[in-house]
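# Structural overview for review
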Amino acid sequence: RGLARELLGAMRRGELSLAYQPQVDRDGRITGAEALLRWNHPTRGAVSPAEFIPVAEDLGLMPVLGAWVLDQACGTLARWKADPALTRLTLSVNVSASQFNESDFTTTVRQLVESHAIDSTRLRLELTENVLLAGLEPVAEKMEALKRTGVTFSLDDFGTGYSSLAYLRRLPVTELKIDRSFVAGASDSDRGQALVRSIVSIASDLDLNVVAEGVETAAQHAFLRDTGCHLFQGWLFGRPVPRDDFELILRERQ
Ligand code: G
Ligand code: G
Ligand code: MN
Ligand code: NA
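Residues numbered from 1 in each chain as written. Chains lettered and ligands numbered in written order. Predicted model: local features only at pLDDT ≥ 70, side-chain atom pairs only at ≥ 80, totals over all residues.

### Observations regarding the overall build of the chain
From N to C terminus, the chain includes 11 helices and 10 strands. Dimensions of the chain, computed from C-alpha atoms along their principal axes, come out at roughly 50 × 45 × 40 Å. With 254 residues in all, the chain has 35% of them scored as buried. At a minimum sequence separation of 6, the contacts of the chain that also span at least 24 residues come to 65%. (Helix = DSSP H or I, 4+ residues; strand = E, 2+ residues; numbered from the N terminus. Buried ≥ 20, exposed ≤ 12 C-beta atoms within 10 Å, placed from the backbone. Contact = placed C-beta atoms within 7 Å.)

Given below as structure tokens:
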């Protein structure tokens, strides 16, 4: 497809950027952001990562694209480190399964943390269950090695995969992100609410924080808060915005 050929050029031409979506705690304070990749195409306009990331995967571009994303994110954390209004924020970065399973992924992360001189505990890697296709043991060991560099892990799109839950005990994750389909489903039915309650209960048993994503309404927020979710992300609290805009919001809140 045309998109594939253009993706390489897009990186060089500076058409890619990260957008930052706030994450809010139970007291309404912004504690961090998720970095989301954006492609501003000269003629097509905004192309969704849901569309071009699979293309990048097919072309084997994901290691390069993923490293670019991580480099940008670490650059942002380096900026934030110097600013009292921003220094305590956590930045969550999506890592695709193929990127995580690259043999030099740990080295890449370690080098970026060092070259940007960031506090690695501010960097959170969002993984999905798909990483487990490489096998529980090797994935667990790699995560342990990464954990020793200080980074933390979040399990993204939780509840949408096919894995058994047993793997959760073996992986050093600190956070589950309830997929936004469950958040939406909780508005529709008692069964949808029961599902969210059981996810929060599993997380609580394992001492994991729960992030609810795709929170769009005050009613959803109230339910999720009552259920015991720790962090909230969604249009109710803020859309993904360019870095400058995100920083401005935080400075104004101070
Ligand atoms: O922000 P948006 O809803 O358009 O994102 C669509 C999908 O793309 C989501 O599943 C999101 O996790 C994924 N995505 C966004 N940014 C990145 C990124 O930097 N790396 C990877 N691997 N996935 C991303
Ligand atoms: O797969 P992942 O959870 O990383 O994807 C996050 C995606 O969800 C991004 O594409 C982001 O733009 C989108 N998103 C963020 N907040 C909301 C929301 O409140 N509602 C909806 N429908 N999508 C959201
Ligand atoms: Mn995510
Ligand atoms: Na998700």
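Now that the structure has been shown, the text picks up again.
### Focus on the packing of helix α8 (residues 180-188) against helix α10 (residues 218-227)
Axis separation between α8 and α10 bottoms out at 10 Å; the angle between their running directions is 100 degrees. Of the possible angle classes, the one that applies to α8 and α10 is roughly perpendicular. When α8 is examined against α10, the residues Val183, Ala186 and Ser187 are found in contact with a partner set consisting of Ala219, Gln220, Phe223 and Leu224. Residue composition of the contact of α8 with α10, grouped by class: five nonpolar, two polar and no charged. (Axes fitted to C-alpha atoms, helices over the stretch in contact; angles between N-to-C directions. Parallel < 35°, antiparallel > 145°, perpendicular 65-115°, else oblique. Nonpolar A, V, L, I, M, F, W, Y, C, P; charged D, E, K, R; others polar.)

### Observations regarding unusual backbone geometry
Keep in mind that most residues, glycine aside, have a negative phi and that most peptide bonds are trans. Of note in this structure, alanine 117 is not a glycine but carries a positive phi near 50 degrees. At aspartate 157, a residue that is not glycine, the phi angle is positive and equals roughly 55 degrees. Secondary-structure assignment places aspartate 157 in strand β6 (residues 152-158). Note on aspartate 157: 20 C-beta atoms within 10 Å, which makes it buried.

### Quick word on helix α6 (residues 136-148)
An ideal rise of 1.5 Å per residue puts 18 Å on 13 residues; α6 measures up with 18 Å between its terminal C-alpha atoms. What α6 keeps buried is the set Val139, Met143 and Leu146. Seen end-on, α6 carries its buried residues on one side only, within an arc spanning 60 degrees. When the buried face of α6 is taken as reference, the exposed residues oriented beyond 90 degrees from it are Glu137, Pro138, Glu141, Glu144 and Arg148. Packed against the buried residues of α6 are α5 (105-115) and β6. In the stretch just after α6, glycine 150 is the one whose phi turns positive, near 110 degrees. (Expected span 1.5 Å × (residues − 1). Arc of directions from axis to C-beta.)

### Notes on the confidence of the model for the chain
Mean pLDDT over the chain works out to 95, with 100% of the residues at or above the 70 mark. Prediction confidence for the complex, expressed as pTM and ipTM, is 0.96 and 0.97 respectively. (pLDDT = per-residue confidence, 0-100.)

### Things to note about the pairing of strand β7 (residues 175-178)
On β7, burial covers both faces: Glu175 and Lys177 on one face and Leu176 and Ile178 on the other are all buried. Summarising the sheet, β6 and β7 pair through three bridges and their orientation is parallel. Looking across to β7, one finds that serine 154 is bridged to glutamate 175. Where β7 meets strand β8 (residues 209-212), four bridges bridge the pair, whose relative direction is parallel. In the sheet register, lysine 177 faces β8, and the bridge partner there is valine 211. (Pairing = 2+ DSSP bridges.)

### Observations concerning the site of ligand 2
Around ligand 2, a shell composed of 13 residues is seen, among which Asn94, Gly214, Glu216, Gly234 and Trp235 lie nearest. Residues of the shell around ligand 2, tallied by class, amount to four nonpolar, four polar and five charged. (Near = placed C-beta within 6 Å.)

### Thoughts on the pairing of strand β1 (residues 16-25)
A large share of β1 lies buried, amounting to seven of its 10 residues. Taken together, the nine bridges between β1 and strand β2 (residues 30-41) define a ladder with antiparallel strand orientation. Within the sheet, the bridge partner assigned to proline 22 lies in β2 and is alanine 33. When β1 meets strand β10 (residues 241-242), the two strands line up antiparallel, connected through two bridges. Opposite tyrosine 20, over in β10, you have valine 241 as the bridge partner. Pairing of β1 with strand β9 (residues 231-232) involves two bridges; the strand directions are antiparallel. The residue of β9 that forms the bridge with valine 24 is phenylalanine 232.

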